[in-house]
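Close look at the chain arrangement
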Amino acid sequence: MNWAVFQGLLSGASHFSTGFGRIWLSVVFVFRLLVYVVAAERVWGDEQGEFDCNTKQPGCTNVCYDYYFPVSHIRLWALQLILVTCPSLLVIMHVAYREDRERKHREKQGENCGRLYVDTGKKRGGLWWTYLISLIAKALVDVVFLYIFHRIYQNYSLPRLVKCTLNPCPNIVDCFISRPTEKNIFTLFMVATTALCIVLNLCEIGYLVIKRCRECVIQKHLKSQSTNVIAYLQKQEMFHANNKLNEELDQLNPCDHVMPPETKLK
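Source: prediction; values computed, not measured. (Residues numbered from 1 in each chain as written. Predicted model: local features only at pLDDT ≥ 70, side-chain atom pairs only at ≥ 80, totals over all residues. Heavy atoms only, no water.)

What about the sheet that holds strand S3 (residues 173-176)?
Read from one edge of the open sheet, 3 strands run S1-S3-S2, paired in antiparallel fashion. In this open sheet, the two strands that pair with only one neighbour each are strand S1 (52-53) and strand S2 (161-164). Bridge count for S1 against S3 is 2 bridges, and the pairing is antiparallel. Paired with Asp-52 across the bridge in S3 is Phe-176. Relative to S2, helix H3 (residues 60-68) is tilted by about 115°, and along the sheet it contacts S1, S2 and S3. (Pairing = 2+ DSSP bridges. Helix = DSSP H or I, 4+ residues; strand = E, 2+ residues; numbered from the N terminus. Contact = heavy atoms within 4.5 Å. Axes fitted to C-alpha atoms, helices over the stretch in contact; angles between N-to-C directions.)

Written as structure tokens, this is what we have:
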């Protein structure tokens, strides 16, 4: 597994992430990816070769190992790391699409033309939805893999002893796992970091949604205030226009003052 590729991917995604997103990237890189590369591969090693059964019956050890451990622990963890980092590619590709569109717009309209995007990495419009979908996808991947680990390894633990009665085993065969305590510690560590990543993803989703709702409320309030001001100015303009029109009418049609008839003196 070439973890340098994932290091570059996570580093590129950090430029477009929120505070919660950067914490998530740090947890994935330090507590999951580096632990996997530095320690986990050595802890598991050749699992099947170190799976020991108290029988010499050909094929019995292989059948028992395949039944109790259908998927290698370390390979399943590697698949989880690959899938959980892939949604970040959506955000990076969307930003690259925006930058390419901005570049083509400048080439076509000139350098002094208006920009299509104020900031190509700012989470607005379609990029906001892409970022939100990537967060949901990452959380779902971790949840699904937690469920898979729970189904394959009950309570996320490896037993010290398994009893196998499958063919071609002649009878009840006892099989032993190498370093079960050490593997259980790494398994619990993996589960804890996965749960932490899920919580961080949910916090970031809530932060994005609340922030967006707040911006919408503020924009609606400002728009309402702007509408009220425009309506007030229009009323004032109409009032002054009516006054001016009345003054002009008074000048064109002056009122005739009728003098009352003289009264006779008695």
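Overview of the pairing of S2
Side chains Val-162 and Cys-164 project from S2 onto a buried face, and the interleaved Leu-161 and Lys-163 project onto a face without burial. The sheet contact formed by S2 and S3 spans 4 bridges and is antiparallel. When the sheet's bridge partners are listed, Val-162 is paired in S3 with Cys-175. (Buried < 20%, exposed > 50% of the residue type's maximum accessible area, 1.4 Å probe, protein only.)

Considerations on the side chain of Ser-178
Within the fold, Ser-178 resides in the loop between S3 and helix H7 (180-252). Contact partners of Ser-178, with chain neighbours within four places excluded, come to Glu-50 and Lys-183.

Some points on the state of the cysteines
On inspection of all chains with the given rule, the structure shows 3 disulfides. Here Cys-53 is linked by a disulfide to Cys-175, with a sulfur-sulfur distance of 2.0 Å. Here the S-S torsion is close to 105°, and the disulfide linking Cys-53 with Cys-175 is therefore right-handed. In this pair, Cys-53 is assigned in strand S1 and Cys-175 in strand S3, connecting sequence segments 122 residues apart. By relative accessible area, which is 0% here, Cys-175 ends up buried. With its sulfur 1.8 Å from that of its partner, Cys-60 forms a disulfide with Cys-169. Taking the sign of the S-S torsion, 100° for the link of Cys-60 and Cys-169, the bridge is right-handed. (Disulfide = S-S within 2.5 Å.)

Here we look at the UniProt feature "transmembrane region" (unreviewed entry) in the protein chain
The residues that UniProt annotates with the feature "transmembrane region" (unreviewed entry) are residues 20-39, 77-97, 128-149 and 185-210. The straight-line gap between the two end C-alpha atoms of residues 20-39 is 27 Å; of that span, 100% is helix and 0% is strand. Structurally, residues 185-210 is divided into 100% helix and 0% strand, and its ends, taken at the C-alpha atoms, are 37 Å apart. (UniProt positions renumbered as here; feature names shortened; annotations may be inferred.)

Brief notes about the pattern of salt bridges
In total, this model carries 4 salt bridges according to the counting rule given. Notably, a salt bridge pairs Arg-32 with Asp-142, separated by 3.2 Å at the nearest N-O pair. Of the two residues, Arg-32 sits in helix H2 (residues 19-44) while Asp-142 sits in helix H6 (residues 126-152), which places them 110 residues apart along the sequence. Take Arg-32: its relative accessible area is 0%, and that puts it in the buried class. You can call Asp-142 buried: its relative accessible area is 0%. (Salt bridge = Lys/Arg side-chain N within 4 Å of Asp/Glu carboxyl O.)

Quick look at the nonpolar core
Judged by nonpolar contacts, the single largest core of 41 residues is most densely connected at Phe-51 and Trp-77. Where this core is concerned, the elements lending two or more residues are H2, H3, helix H4 (73-85), H6, S2, S3 and H7. For this core, the leading source of residues is H2, giving 10 residues. Not counting residues up to four positions away in its chain, the partners in contact with Phe-51 are Thr-61, Cys-64, Tyr-65, Phe-69, Val-162, Cys-175, Phe-176 and Ile-177. Counting 10 residues, the second largest nonpolar core, distinct from the first, contains Phe-16, Val-95, Trp-128 and Leu-132. (Core = buried A, V, L, I, M, F, W, Y, C linked by side-chain atoms within 4.5 Å.)

Considering the packing of aromatic side chains
All told, the structure shown has 10 aromatic pairs when counted by the stated rule. Judged by centre distance (5.0 Å) and plane angle (90°), the rings of Tyr-67 and Tyr-68 are edge-to-face. Given the relative accessible area of 52%, Tyr-67 is considered exposed. In textbook terms, an aromatic cluster arises when at least three aromatic residues are bridged by ring pairs, as seen for Phe-51, Tyr-65, Phe-69, Phe-149 and Tyr-153. Cation over ring: Lys-138 sits above Trp-24, and NZ or CZ is 3.9 Å from the ring centre. (Phe/Tyr/Trp six-rings, centres within 6.5 Å; stacked < 30°, edge-to-face > 60°. Lys NZ or Arg CZ within 6 Å of the ring centre and 35° of its normal.)

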